[in-house]
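Here is what each chain is made of, one letter per residue.
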Amino acid sequence: MNHKYICIECKRESESDFFKLKCEESDYSCFDIKYYENNANFPVLPSPLAIKSLGEGSTPVVRFKDKFPEIGDFIFKLEYFSPTGSFKDRGTSLLLSKAKESGVKEFVEDSSGNAGASMSAYAKNLGMKCHIFVPEQTPLNKKNQVKIFGGELHNIAGPRQNSTVAAKEFCNKTGIPYVSHNYNPYFIEGMKSFAYEIYEEFNEKITDIVIPVGNGSLLIGAYKGFNELKGLGLIKRIPKLHCIQMEGFSPIYNKFNNLDWKFNPSSKTLAGGIAVSDPPRINQVVDCIKRSSSECEVVSEDKTLSWHREIANWGILSEITCAAALAGVEKLLDKRVIGKDSNVLVPITGSGLKDLSNVKF
Ligand SMILES: [Zn+2]
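What you see is a predicted model; the values in this text were computed from it and never measured.

Rules used in this analysis
- Residues numbered from 1 in each chain as written.
- Predicted model: local features only at pLDDT ≥ 70, side-chain atom pairs only at ≥ 80, totals over all residues.
- Heavy atoms only, no water.
- Donors = N, O, S within 2.8 Å, 3.2 Å for Na, K, Ca; no water.
- Tetrahedral: all angles 85-135°; square planar, octahedral: opposite > 155°, others 65-115°.
- Helix = DSSP H or I, 4+ residues; strand = E, 2+ residues; numbered from the N terminus.
- Buried < 20%, exposed > 50% of the residue type's maximum accessible area, 1.4 Å probe, protein only.
- Pairing = 2+ DSSP bridges.
- Axes fitted to C-alpha atoms, helices over the stretch in contact; angles between N-to-C directions.
- Contact = heavy atoms within 4.5 Å.
- Domains from an automatic or database assignment.
- Buried area = accessible area lost by both parts, 1.4 Å probe.
- Salt bridge = Lys/Arg side-chain N within 4 Å of Asp/Glu carboxyl O.
- Polar contact = N/O pair within 3.5 Å; in protein donor to acceptor, adjacent residues only side chain to side chain.
- Parallel < 35°, antiparallel > 145°, perpendicular 65-115°, else oblique.
- Left-handed = near helix turned anticlockwise from the far one by under 90°.
- Nonpolar A, V, L, I, M, F, W, Y, C, P; charged D, E, K, R; others polar.
- Right-handed = clockwise from strand over helix to strand, strands pointing away.

(A) Region of interest: the coordination of the zinc ion. Protein ligation of the zinc ion involves Cys7 (SG), Cys10 (SG), Cys23 (SG) and Ser26 (OG), the donor distances falling in the range 2.0 to 2.3 Å. Because the angles between the four donor atoms bound to the zinc ion fall within 100 to 118°, the donor set is best described as tetrahedral. In primary-sequence terms, the residues that donate to the zinc ion follow C-x2-C-x12-C-x2-S. Taken together, the residues cysteine 10 in the loop between strand 1 (3-7) and strand 2 (13-14) and serine 26 in the loop between strand 2 and strand 3 (31-35) connect sequence positions 16 residues apart. Accessibility expressed as a relative area gives 28% for cysteine 10, which makes it partly exposed.

Right, dumping it as structure tokens:
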């Protein structure tokens, strides 16, 4: 074992335990993976040979510099080129490989759709049964993805948070383990490959990455990945990792700006992937934003939908969620956070084929 757990709040260290999702010392807080300092190997978990891959990662990049002449360079990383059409596959491959190694045969997960589809695919491949709790309003294609891979779909009425509550209740009732991608730290470790690939492709050229954030796994994973590269002496600075949230779903934005946060259950958005009111790693996300000297912005539904249509004019069909990042780019540009000296990368996190039903033509 080359790592242990460290609580993201009280910083107490403990032996890693796949089934332990929360620190008993500080109520509600998640664990992070900490590697032993004299670990000679590149810190990847489990060993790359043990990871069950379905072909995730190594996603293509496309330049759209001509679309933003005010910015130094502008690049999309097409994360929807993944086995199940979203960036979640990076984390899932590691999380469920570790689950298999830990003897899991059946598990429970909750998701706005993409993670559920991803977990179902990898679970099927690894011979595990899964129960996926999703909000009722999850796009039909995401639900059908869960079903075709044999995942048992549980439709839960109300906002996204209700699916988490229902999943936990189901676990308590049945004793089936909760393998939550939002709580379990191995999922975040899988996300680090996003940073490694940007380094491999661009070295230190990228100055700003603009990320749509719900629970923040991609932003945390990117920070950890770049931080490791810095620790290894391969890069001198970590790119800025700007966090974009929706109006009405902005707990991280509020925390970052020391504003009170109270979720209004009547809030609605078509950016379902980031419609998160209560992210368990909120302090960790805010910490990563601050440590990388980045910004946090909220964007409107109207701007998000118009950017979704705009990038379709460039030949890019993303899910609505990641168009929020484009609205974020516009805002960061207006505020002169980015400009001529910036080389900006936006991850196109999920395929538009998953929720075409919400697109107005
Ligand atoms: Zn703790």
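There's plenty left to go through after this.
(B) Region of interest: the pairing of strand 11 (residues 296-299). What you see with strand 11 is no split at all: Cys296 and Val298 on one side and Glu297 and Val299 on the other are buried throughout. Inspection of the sheet shows strand 10 (residues 240-246) paired to strand 11 by four bridges, in the parallel sense. Paired with methionine 246 across the strands is valine 299, a residue of strand 11.

(C) Representation of the sheet that holds strand 7 (residues 129-135) in the model. Strand order in the open sheet made by the three strands is 6-7-8, with parallel pairing throughout. Each having just a single partner strand, strand 6 (106-110) and strand 8 (152-156) make up the two edges of the open sheet. The sheet shows a mean angle of 20° between the axes of neighbouring strands, direction not considered. Relative to strand 8, strand 7 runs parallel, the two sharing five bridges. Each residue of the ladder has a partner; that of histidine 131, found in strand 8, is glutamate 152. Together, strand 6, strand 7 and strand 8 form the strand contacts of helix 4 (residues 160-174), whose direction differs from that of strand 7 by roughly 145°.

(D) Layout of the domain arrangement of the protein. Domain parsing of the protein yields domain 1 (61-85 + 186-358) and domain 2 (88-184). Between the C-alpha centres of domain 1 and domain 2 there is a distance of 23 Å. Across the contact, 30 residues belong to domain 1 and 26 residues belong to domain 2. When domain 1 packs against domain 2, close to 2,400 Å² is buried across both sides, 51% of that on carbon and sulfur atoms. On the domain 1 side of the interface with domain 2, the three residues burying the most area are Tyr186, Phe187 and Lys354, jointly 32% of the side's total. Counting the contacts that link domain 1 with domain 2 gives three salt bridges. Broken down by secondary-structure element, the contributors of at least two residues to the side of domain 1 that touches domain 2 are helix 5 (185-191) and helix 6 (193-202). The element that contributes the greatest number of residues to the side of domain 1 that touches domain 2 is helix 5, accounting for six residues.

(E) Just the side chain of glutamine 245, in detail. Relative to the helices and strands, glutamine 245 is located in strand 10. From its side chain, glutamine 245 meets the backbone nitrogen of tyrosine 253 in a polar contact 3.0 Å long. Leaving out residues up to four positions away in the same chain, glutamine 245 has contacts with Val213, Gly214, Ser250, Pro251, Ile252, Tyr253, Glu297, Val298 and Val299.

(F) Structural context of the pattern of salt bridges. Per the counting criterion, the structure on display carries 19 salt bridges. Aspartate 32 is the partner of lysine 224 in a salt bridge, and the nearest nitrogen-oxygen pair spans 2.8 Å. Of the two residues, lysine 224 sits in helix 7 (residues 217-231) while aspartate 32 sits in strand 3, which places them 192 residues apart along the sequence. Given the relative accessible area of 11%, lysine 224 is considered buried. The exposure class of aspartate 32 is buried, given its relative accessible area of 14%.

(G) Structural detail: the packing of helix 6 against helix 7. The geometry of helix 6 relative to helix 7 is characterised by a closest axis approach of 7 Å and an angle of 50° between their N-to-C directions. Between helix 6 and helix 7, the angle is such that the two are oblique. As for how helix 6 packs across helix 7, the hand of that crossing is right-handed. Contacts between helix 6 and helix 7 involve Phe194, Ala195, Tyr196, Ile198 and Tyr199 from the first element and Leu218, Ala222, Gly225, Phe226, Glu228 and Leu229 from the second. Looking at the contact of helix 6 with helix 7 residue by residue, the classes come out as nine nonpolar, one polar and one charged.

(H) Seen up close, the sheet that holds strand 2. Pairing is antiparallel across the open sheet formed by three strands, whose spatial order is 2-1-3. Among the strands making up the open sheet, the edge pair consists of strand 2 and strand 3.

(I) Representation of the pairing of strand 9 (residues 208-212) in the model. Burial within strand 9 is extensive, with five of its five residues counted as buried. Here strand 9 shows no split at all, with Asp208, Val210 and Pro212 on one side and Ile209 and Ile211 on the other all buried. Judged from the five bridges that link them, strand 9 and strand 10 form a sheet pairing that is parallel. The residue of strand 10 that forms the bridge with isoleucine 209 is leucine 241. Note that the unit made of strand 9, helix 7 and strand 10 has a crossover that is right-handed. Across two bridges, the pairing between strand 9 and strand 12 (residues 343-348) is parallel. Looking at strand 12, one finds that aspartate 208 is bridged to valine 344.

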